[in-house]
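Understanding the architecture of this molecule
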Amino acid sequence: MGYSFNRSRLGRVEQLHAGTHYPRSAGEFQAWFRADEDCLDYLEWLRWPGGFTCPSCGHAGGWRLGDGRFECAACHRRTSVTAGTIFDRTRTPLTVWFTACWLFATQKDGISAQSLQRSLEIGSCPTAWAMLHRLRSVLVRPGRDRLSGTVQVDETFIGGDEPGLRGGRAPGKKVLTGIAVETGEPKGIGRCRMAVLADGSAESLHPFVTGAVEPGATVITDAWMGYHGLAGLGYVHERRSQRAARARGDDPGELLPAVHRVASLARRWLLGTHQGSVDQAHLPAYLDEFVFRFNRRRSASRGMVFYRLLELAAGHDPVRFQDLLASKKPHAQRPQPPQVRGHPPSLDRSRANWPWRTGELQLQLPIPLRLNEYPRWPICARVPLSPSPQPASPTRRSRSAQADGFGSRCLTVP
Ligand SMILES: [Zn+2]
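Residues numbered from 1 in each chain as written. Predicted model: local features only at pLDDT ≥ 70, side-chain atom pairs only at ≥ 80, totals over all residues. Heavy atoms only, no water.

**Digging into the overall build of the protein**
Per the secondary structure count, the protein includes 13 helices and 10 strands. Buried residues in the protein amount to 44% of all 414 residues. The contacts in the protein between residues at least 6 apart in sequence include a share of 64% that link residues at least 24 apart. Counting only carbon and sulfur atoms, one obtains 52% of the accessible surface of the protein, whose full area is about 21,500 Å². (Helix = DSSP H or I, 4+ residues; strand = E, 2+ residues; numbered from the N terminus. Buried < 20%, exposed > 50% of the residue type's maximum accessible area, 1.4 Å probe, protein only. Contact = heavy atoms within 4.5 Å. Areas by Shrake-Rupley, 256 points an atom, 1.4 Å probe, with all protein chains shown as cover.)

Laid out in structure tokens, this is it:
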């Protein structure tokens, strides 16, 4: 049986509620995502909040098949919930994926591939490494807002300045990274953006600034000639000369304090969580992870960060292992004995009660028409009792119902 309806009533949940749309705590996370089918339904809810929409033709409406896939009512193409997302054709159980996402989003400093492998019994380090890199690859939302207001911009070598290099811009082993940081008045740090730069020339710096900062913003840089011409690109350009600072007796390293603070936090994070073992080819992905977490450091709830991560993951195209390898393979691992190889065991337990569905029902009554078998559990709702023949000897439930005119009645929504 097919269906179709006006999606404008539904769509993405406008107001997210902690405890309904995302878990508030680690305990709630564990209670919600007990089985792989809990995770699958949460992904389905994230991906198609108003019901199934065909990814190939865009038609809203279809059937749920016996194997859990959907068939489009228009083009009859069959799609699974994970197809076309970063969980496409994964052999890692979704409970393991969700726990990895939870750790990635909620740990203050993230998690390394080795810790992930050990804590979730993932068979090999490359599998854990690839899971984390798949998550890193979804973090940059296309069309995200650029920085605005007052923005400090500088470039630096991430991994620590190499001594003996003149001016910090000479080529060395480290990777030149552009950093842009919003600053408040008189102090305070807002959001940041980081990107690997080919060199310190205007051809590299100008695209970085235009990609990271909204035109009209005030851009503060040092007097490096690579920043010449920013005023012509629509920015209010303020230049702070190191030579002038030295002449005044100020510390030239403190001209752009916000950028230097962010750079040292990033370096410390790479050395701490990842023990400095970050491949140059993958540094952009690590910078994306740092920026994602840094820009959400004041988020009221860690669970909200988890929700955002899964939302990005469910909306991102699949990432193949070969694409992740970039130019270099992950570090060679000692071969493991056959019994510990392969895919991690599921963290499956008995199914949870899906608050993101029941909470939505409470918020969105009257209940929207969904797939033929949705929802698949009885809902105990308080409904006005119609004058119906009372049983000869009233039961406990009907006696309490008579008292206030309402009663609990189990109903199944069509
Ligand atoms: Zn279709």
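**Some points on the coordination of the zinc ion**
The coordination sphere of the zinc ion, as far as protein atoms go, consists of Cys54 (SG), Cys57 (SG), Cys72 (SG) and Cys75 (SG), spread over 2.2 to 2.3 Å. Taken together, the 4 donor atoms coordinating the zinc ion and their angles of 103 to 119° define a geometry best described as tetrahedral. Here the donor residues for the zinc ion map to a single chain with the spacing C-x2-C-x14-C-x2-C. Residue Cys54 is classed as buried on the basis of its relative accessible area of 2%. (Donors = N, O, S within 2.8 Å, 3.2 Å for Na, K, Ca; no water. Tetrahedral: all angles 85-135°; square planar, octahedral: opposite > 155°, others 65-115°.)

**Let's talk about the pairing of strand 7 (residues 218-222)**
The element strand 7 is extensively covered by neighbouring structure, given that 4 of its 5 residues are classed as buried. Looking at chain direction, strand 4 (residues 150-158) and strand 7 are connected through 3 bridges and run parallel. Looking at the pairing, Val151 lines up with Val219 of strand 7. Pairing analysis gives 5 bridges linking strand 7 to strand 8 (residues 236-240), with the strands arranged parallel. Across the sheet, Ile220 pairs through a bridge with Glu238, a residue of strand 8. (Pairing = 2+ DSSP bridges.)

**Re the sheet that holds strand 2 (residues 70-72)**
The sheet built from 3 strands is open, its strands ordered 1-2-3 with antiparallel pairing. With partners counted over all chains shown, the strands left at the sheet margins are strand 1 (62-64) and strand 3 (78-79), one partner each. For strand 1 and strand 2, the ladder comprises 3 bridges, and the chain directions are antiparallel. Bridge pairing in strand 2 links Gly62 to Cys72.

**Here's the deal with the environment of Gln322**
With respect to the element layout, Gln322 can be found in helix 11 (residues 321-324). Along the sequence, Gln322 and Ala130 sit 192 residues apart, while their C-alpha atoms lie 9.9 Å from each other.

**Quick look at the sheet that holds strand 6 (residues 189-196)**
The sheet built from 5 strands is open, its strands ordered 6-5-4-7-8 with mixed pairing. With partners counted over all chains shown, the strands left at the sheet margins are strand 6 and strand 8, one partner each. Taking each pair of neighbouring strands and ignoring which way they run, the sheet shows an average axis angle of 25°. Pairing between strand 4 and strand 5 (residues 175-183): 9 bridges, direction antiparallel. Each bridged residue has a counterpart across the sheet, and for Gln152 the counterpart in strand 5 is Val181. (Axes fitted to C-alpha atoms, helices over the stretch in contact; angles between N-to-C directions.)

**Quick notes on the nonpolar core**
With 79 residues, the main nonpolar core has Phe33, Tyr42, Phe98, Leu116, Phe306, Leu309 and Leu310 as its most contacted residues. It is helix 3 (residues 94-106) that contributes the most residues to this core, 10 residues altogether. Sequence-distant contacts of Phe98, that is, excluding residues within four places in its chain, are made with Phe29, Phe33, Cys39, Tyr42, Leu43, Phe306 and Leu310. (Core = buried A, V, L, I, M, F, W, Y, C linked by side-chain atoms within 4.5 Å.)

**Here's the deal with the environment of Thr358**
Within the element layout of this structure, Thr358 appears in helix 12 (residues 355-364). We classify Thr358 as partly exposed; its relative accessible area is 23%. Distance from Thr358 to Thr20, taken between C-alpha atoms, is 8.2 Å for residues 338 residues apart in sequence.

**Focus: the pattern of salt bridges**
According to the stated counting rule, one finds 14 salt bridges in the structure shown. The partner of Glu44 in a salt bridge is Arg357, and the shortest N-O contact between them spans 3.5 Å. Of this pair, Glu44 sits in helix 2 (residues 36-47) while Arg357 is found in helix 12, placing the two residues 313 residues apart along the sequence. What makes Glu44 buried here is its relative accessible area of 6%. When salt bridges that share partners are traced, they join Asp41, Glu44, Arg64 and Arg357 into one network. (Salt bridge = Lys/Arg side-chain N within 4 Å of Asp/Glu carboxyl O.)

**Describing helix 6 (residues 202-212)**
Turning to helix 6, its buried residues are Ser204, Leu205, His206, Phe208, Val209 and Ala212. Among the structural elements, strand 4, strand 5, strand 6 and strand 7 are those in contact with the buried residues of helix 6.

**Re the packing of aromatic side chains**
Counted according to the given criterion, the structure contains 25 aromatic pairs. Ring geometry for Trp102 versus Phe306: centroids 5.3 Å apart, planes at 65°, classification edge-to-face. Taken together, the positions of Trp102 in helix 3 and Phe306 in helix 10 (residues 302-314) put the pair 204 residues apart, joining distant regions of the chain. One aromatic cluster is present, formed by Tyr22, Phe29, Trp32, Phe33, Tyr42, Trp45, Phe98, Trp102, Phe306, Tyr307, Trp354 and Trp356 through successive ring pairs. Seen from the ring of Phe104, Arg293 lies directly overhead, with NZ or CZ sitting 5.3 Å from the centre. Residue placement shows Arg297 over the ring face of Phe294; its charged tip is 4.0 Å from the ring centre. (Phe/Tyr/Trp six-rings, centres within 6.5 Å; stacked < 30°, edge-to-face > 60°. Lys NZ or Arg CZ within 6 Å of the ring centre and 35° of its normal.)

**Remarks on the confidence of the model for the protein**
Averaged over the protein, the pLDDT score is 80; the fraction of residues at 70 or greater is 76%. Below pLDDT 50 for its whole length, residues 168-172 participates in 13 contacts with residues either more than four positions away or in separate chains. Note that pLDDT drops below 50 for residues 367-375; the model gives that stretch 24 contacts with residues more than four away or on any other chain. (pLDDT = per-residue confidence, 0-100.)

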